[in-house]
Amino acid sequence: MRIYIVIPAHNEAEFIGQTLESLSEQSLKPEKVVVADDQSSDATAEVALKYSDKFPSLSVITTESSEAHLPGSKVINAFQKGLDSLDDDYDIICKFDADLIFPQNYLEQISKHFAEDPTVGMVGGFCQILQKNEWKLENLTNKDHIRGALKAYRKACFKEIGGLRASMGWDTVDELLAQYHGWKIVTDPSLQVKHLRPTGFTYNKTAKWKQGEAFYKLRYGLLLTTIASAKLALKKKKPLLFKDYLTGYFKAAANNTPRLVSKKEGAFIRRLRYNKMRKKVF
């Protein structure tokens, strides 16, 4: 299967070399790799270009999104510029972060999942972070969710969901819409990826409200938003985030913020979420 990879990058000179090194050592090589350098003030582009000899099809493009480092919009705008620079002759499109170290069999294993089941639309492994000299699971989401740092999509699925939304919550809405269209989401616990920088490390201060805004955009409704906010705040071990998430939700509602999904899609999303909750309880 032909694999294309787009890596959005902003000031990742310290890490991107390790990411590209791990991708160059894959048992199944990607056909094309694009680094979308988004207004970096460091040597991100220069470091990436050093790997041209290992990736004959590697390209580095420069793009400008916004100065604000907010979750969702900046990274997806950069990803889209990278995607636009590629042709359409791929089977799998990957959006990878620039601060990851992949196990050698990563691309081969996700390719097998896609090949073995034509209804699989998305595949991903799990992120680990270094804590007290030990690599441990970065436990921020459910085990059936693929982290935004390492998304891989079957072409047909990617096209059917309309690509990625430049908004906080993009890496949730993509999976929900994939399931809405009948695609399966596969997470592989054998694929442990080292995440060199914890999620949200560089986000600015206004990012704390974006999660609640995302719940509003996904049409969760107040009850589901309250449950999801409490759960996420506890997972992050920061209970005060619960208030921030609800504040973000109410701010979005007051501003009549445009939704990411239609009413019909929103109804499906709420049913899906509540059904998962019932299964865990009963």
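Residues numbered from 1 in each chain as written. Predicted model: local features only at pLDDT ≥ 70, side-chain atom pairs only at ≥ 80, totals over all residues. Heavy atoms only, no water.

J.: What's the story with the overall build of the protein chain in this structure? I'm lost.
T.: A tally of helices and strands in the protein chain yields ten helices and nine strands. For 282 residues, the compact-globule formula gives about 19 Å, and the C-alpha radius of gyration of the protein chain, at 18 Å, lands near that figure. Counting only C-alpha atoms, the protein chain reaches 55 × 40 × 40 Å along its principal axes. The buried share of the protein chain, taken over its 282 residues, is 49%. A fraction of 78% describes how many contacts in the protein chain between residues 6 or more apart in sequence connect residues 24 or more apart. Summed over all atoms, the accessible surface of the protein chain reaches about 13,500 Å², with 53% contributed by carbon and sulfur. The centroid of the 43 positive side-chain charges in the protein chain is displaced by 11 Å from the centroid of its 33 negative side-chain charges. (Helix = DSSP H or I, 4+ residues; strand = E, 2+ residues; numbered from the N terminus. Rg over C-alpha atoms; globule rule 2.2 N^0.38 Å. Buried < 20%, exposed > 50% of the residue type's maximum accessible area, 1.4 Å probe, protein only. Contact = heavy atoms within 4.5 Å. Areas by Shrake-Rupley, 256 points an atom, 1.4 Å probe, with all protein chains shown as cover. Lys, Arg positive; Asp, Glu negative; His and termini not counted. Charge placed at Lys NZ, Arg CZ, Asp CG, Glu CD.)

J.: In this structure, what is going on with the packing of helix H7 (residues 210-217) against helix H9 (residues 241-254)? I would like to understand it.
T.: A pair of packed helices can be characterised by two numbers: the angle between their axes and the separation between those axes. Taken N-terminus to C-terminus, the directions of H7 and H9 make an angle of 50°; their axes are 6 Å apart at the nearest point. In terms of their interaxial angle, H7 and H9 are classed as oblique. The chirality of how H7 crosses H9 is right-handed. Side by side, H7 and H9 meet where Gln 211, Gly 212, Glu 213, Phe 215 and Tyr 216 of the first sit next to Tyr 245, Gly 248, Tyr 249, Ala 252 and Ala 253 of the second. For the contact of H7 with H9, the residue count by class is six nonpolar, three polar and one charged. (Axes fitted to C-alpha atoms, helices over the stretch in contact; angles between N-to-C directions. Parallel < 35°, antiparallel > 145°, perpendicular 65-115°, else oblique. Left-handed = near helix turned anticlockwise from the far one by under 90°. Nonpolar A, V, L, I, M, F, W, Y, C, P; charged D, E, K, R; others polar.)

J.: Is there a simple way to think about helix H1 (residues 16-24) in this case?
T.: One turn of the α-helix equals 3.6 residues, which is why residues spaced by three or four share an orientation. Summarising burial for H1: seven of the nine residues are buried, a large majority. When we look at burial in H1, the residues that qualify are Ile 16, Gly 17, Thr 19, Leu 20, Ser 22, Leu 23 and Ser 24. Looking at the packing, one finds that the buried side of H1 touches strand E1 (3-9), strand E2 (32-38), helix H2 (44-49), strand E4 (92-96) and strand E5 (100-101).

J.: I keep staring at unusual backbone geometry and nothing clicks. Help me out?
T.: For residues that are not glycine, phi is negative in most cases, and the peptide bond is trans in most cases. The phi dihedral of Asn 11 falls on the positive side, at around 55°, and the residue is not glycine. Structurally, Asn 11 can be placed in the loop between E1 and H1. Look at Lys 132: it is not a glycine, yet its phi comes out positive at around 55°.

J.: So what exactly am I meant to see when it comes to the side chain of Lys 217 here?
T.: On the secondary structure map, Lys 217 appears in helix H7. Residue classification places Lys 217 among the buried residues on the basis of a relative accessible area of 11%. At 2.9 Å, the side chain of Lys 217 forms a polar contact with the side chain of Ser 167. Ignoring anything within four residues of it in the chain, the contact list for Lys 217 reads Ser 167, Thr 257, Pro 258, Arg 259, Leu 260 and Val 261. (Polar contact = N/O pair within 3.5 Å; in protein donor to acceptor, adjacent residues only side chain to side chain.)

J.: Even after reading the chapter, I still don't get the environment of Thr 187, so can you show me in this structure?
T.: Relative to the assigned elements, Thr 187 resides in strand E9 (residues 184-195). For the pair Thr 187 and Tyr 51, spaced 136 residues apart in the sequence, the C-alpha separation amounts to 29 Å. Thr 187 has contacts with Gly 124, Phe 126, Lys 143, Asp 144, His 145 and Ile 146, leaving out every residue within four places of it along the chain. From its side chain, Thr 187 meets the backbone oxygen of Lys 143 in a polar contact 2.8 Å long.

J.: Is there a simple way to explain the side chain of Asp 244 in this structure?
T.: Here Asp 244 lies in helix H9. The residues contacting Asp 244, other than those within four sequence positions of it, are Lys 208 and Trp 209.

J.: In this structure, what is going on with the pairing of strand E7 (residues 134-137)? I would like to understand it.
T.: Regular strands place side chains that alternate from one sheet face to the opposite one. Bridge analysis of strand E6 (residues 120-131) against E7 gives four bridges, and the strand direction is antiparallel. Paired with Gln 131 across the two strands is Glu 134, which belongs to E7. Here E6 folds back onto E7, and the loop between the two strands holds two residues, one of which, Lys 132, carries a positive phi near 55°. (Pairing = 2+ DSSP bridges.)

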